[in-house]
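Chain and residue survey
Here is how the chains run, residue by residue.
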Amino acid sequence: MRLNKIKKMMINGEQIINGWLQIPSSFSAEVMSHQGWDSLTIDMQHGVIDYPNALQMLQSISSTDVTPLARVNWNEPGQIMKILDAGCYGVICPMVSNKFEAEKFVQACMYPPRGYRSFGPIRGLIYGGSDYGDFANDEILKMAMIETKEALDKLDEIMSTPGIDGIYIGPADLSLAIGQKPAFDNPEGSPTYEKILNILEHAKKNKIFAGIHNASPEYAKKMLNLGFNLVTIGSDQRYMSAGAKDAVSKLKSIKSKEDSKAY
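Below is a short write-up of the structure. This is a predicted model, so every value here is computed, not measured.

1. A few points about the packing of helix α2 (residues 26–33) against helix α3 (residues 51–61)
Between two packed helices, the angle of one axis relative to the other and the distance separating the axes together describe the packing. Contact geometry for α2 and α3: axes closest at 8 Å, N-to-C directions at 30°. Relative to α3, the element α2 is oriented roughly parallel. In this structure, α2 crosses over α3, and the sense of that crossing is right-handed. The segment α2 lies against α3, with Ser 26, Ala 29, Glu 30 and Ser 33 engaging Gln 56, Met 57, Ser 60 and Ile 61. Its residues assigned to classes, the contact of α2 with α3 shows three nonpolar, four polar and one charged.

2. Some thoughts on the state of the cysteines
Enumeration over the complete set of coordinates arrives at zero disulfides. Here Cys 88 stays free of any disulfide, with the sulfur of Cys 109 as its closest cysteine sulfur at 8.8 Å. The closest cysteine sulfur to the non-disulfide-bonded Cys 93 is located on Cys 109, 7.8 Å from its own sulfur.

3. Side note on the pattern of salt bridges
Pairs may arise between side chains of opposite charge once their charged atoms sit close together. Tallied over the entire structure, the rule returns 10 salt bridges. Of the charged contacts, one joins Asp 165 and Lys 7 as a salt bridge, the two residues approaching to 3.2 Å between their closest N and O atoms. One end of the pair, Asp 165, is in the loop between α9 (155–159) and β6 (166–169); the other, Lys 7, is in helix α1 (residues 5–11), and 158 residues separate them in sequence. With a relative accessible area of 12%, Asp 165 lands in the buried category. Ionic pairing is found between Asp 246 and Lys 250, a salt bridge with its closest N-O pair at 3.2 Å. With Asp 246 and Lys 250 both in helix α13 (residues 236–262) and four residues apart, the pair spans about one turn of that helix. Its relative accessible area of 40% is what places Asp 246 among the partly exposed residues.

4. Quick word on the packing of helix α4 (residues 77–85) against helix α5 (residues 99–108)
Packing of α4 against α5 brings their axes to within 9 Å, and their N-to-C directions diverge by 35°. For the crossing formed where α4 meets α5, the hand is right-handed. Here Pro 77, Ile 80, Met 81 and Leu 84 of α4 come into contact with α5, specifically with Lys 104, Phe 105 and Ala 108. In terms of residue class, the contact of α4 with α5 is made up of six nonpolar, no polar and one charged.

5. Some details on α3
Those residues of α3 not exposed but buried are Asn 53, Ala 54, Met 57, Leu 58, Ser 60 and Ile 61. Take α3 and look down its axis: the buried residues cluster within an arc of 155°, on one side only. Residues of α3 that are buried make contact with β1 (16–21), α2, β2 (39–43), β3 (67–71) and α4.

6. Things to note about the environment of Asn 4
Along the polypeptide, Asn 4 turns up in the segment before α1. When its relative accessible area of 1% is taken as the criterion, Asn 4 is described as buried. Residues Asn 4 and Thr 67, spaced 63 residues apart in sequence, show a C-alpha to C-alpha distance of 7.1 Å. Ignoring any residue separated from it by four or fewer positions in sequence, one finds Asn 4 in contact with Thr 67, Tyr 89, Glu 139, Ile 140 and Leu 141.

Rules used throughout
Throughout this description, residue numbers start from 1 for each chain and increase along the sequence as written. This being a predicted model, a pLDDT of at least 70 is required before a residue's local features are given, and a value of 80 or more before pairs of side-chain atoms are given or counted; all residues contribute to the totals for chains, interfaces and linings. With hydrogens and water excluded, all non-hydrogen atoms of the structure serve as input to the side-chain values. Helix axes are fitted only over the stretch in contact, all axes being lines through C-alpha atoms; the angle between N-to-C directions runs from 0 to 180 degrees. Strands are runs of DSSP state E lasting at least two residues, helices are runs of H or I lasting at least four, and both sets are numbered from the N terminus onward. Every angle not falling under 35 degrees, over 145, or within 65 to 115 is termed oblique; those three ranges are roughly parallel, roughly antiparallel and roughly perpendicular. Left-handed is the label given to a crossing in which the near helix is rotated counterclockwise from the far helix by less than a right angle, and right-handed is the label when the rotation is clockwise. The criterion used for residue contact is that any of the two residues' heavy atoms lie within 4.5 Å. Nonpolar residues are Ala, Val, Leu, Ile, Met, Phe, Trp, Tyr, Cys and Pro. Charged residues are Asp, Glu, Lys and Arg, and all others, Gly as well, are polar. In what follows, a disulfide is any cysteine sulfur pair within 2.5 Å. What makes a salt bridge here is a side-chain nitrogen of Lys or Arg within 4 Å of a carboxyl oxygen of Asp or Glu, nothing more. Note on classification: 1.4 Å probe, protein chains only; a residue is buried when its accessible area is under 20% of the maximum for its type, exposed when over 50%, partly exposed between these limits. The directions considered for the arc run from the helix axis to the C-beta atoms.

Laid out in structure tokens, this is it:
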């Protein structure tokens, strides 16, 4: 079976730079996959991507050595199994609040006797190899999102769940869970920042990977320095919006100056 490159990298102490895909396009996925990311996550929760889009995006990512991941829209076994069958090499599962939900998530990713994943990796066999079924349980990356009030009270029971590889922090929902406005790149000393540090320490204690979503490279670097194993920076949609807005703003500024000179 094809090795899960980023899982091996994290085991070896290397840190992962993860990109985020929200646009339902095989071409934009292909463009992003050629920009040097270690992994790319197809966002099926808050992006506008459905399964047929995701399948084509996975095929585009496969033209590179970038590891394909997906965030599913809920802890629903059928959806988890289907995106894994499509050749996804890791799943980020939102709103995991307790041990039962963590077990349900992990076991949906694993074949018996360690889980209840149904066998039928229709594209997984193509991407992963003919021996996919023998090694998928260990190669697939399984990361539970910590972003609810309940989860904050049950960190150790979630993180000690057999088979779980890591946790992933969604700062916006985490902020909401503690009564703050949803935000990314929370400043030091803020309530959300303190919760992020606490989650990270629990992940280290339980010897699992920790990932976090960031809005800027500067903040992501700060998180890497704290010891996060994986950082996500922005998204394809945000990069397109920011690049276009910057170009238009510069041109309008030049035009405004020229118009003022005319008077």
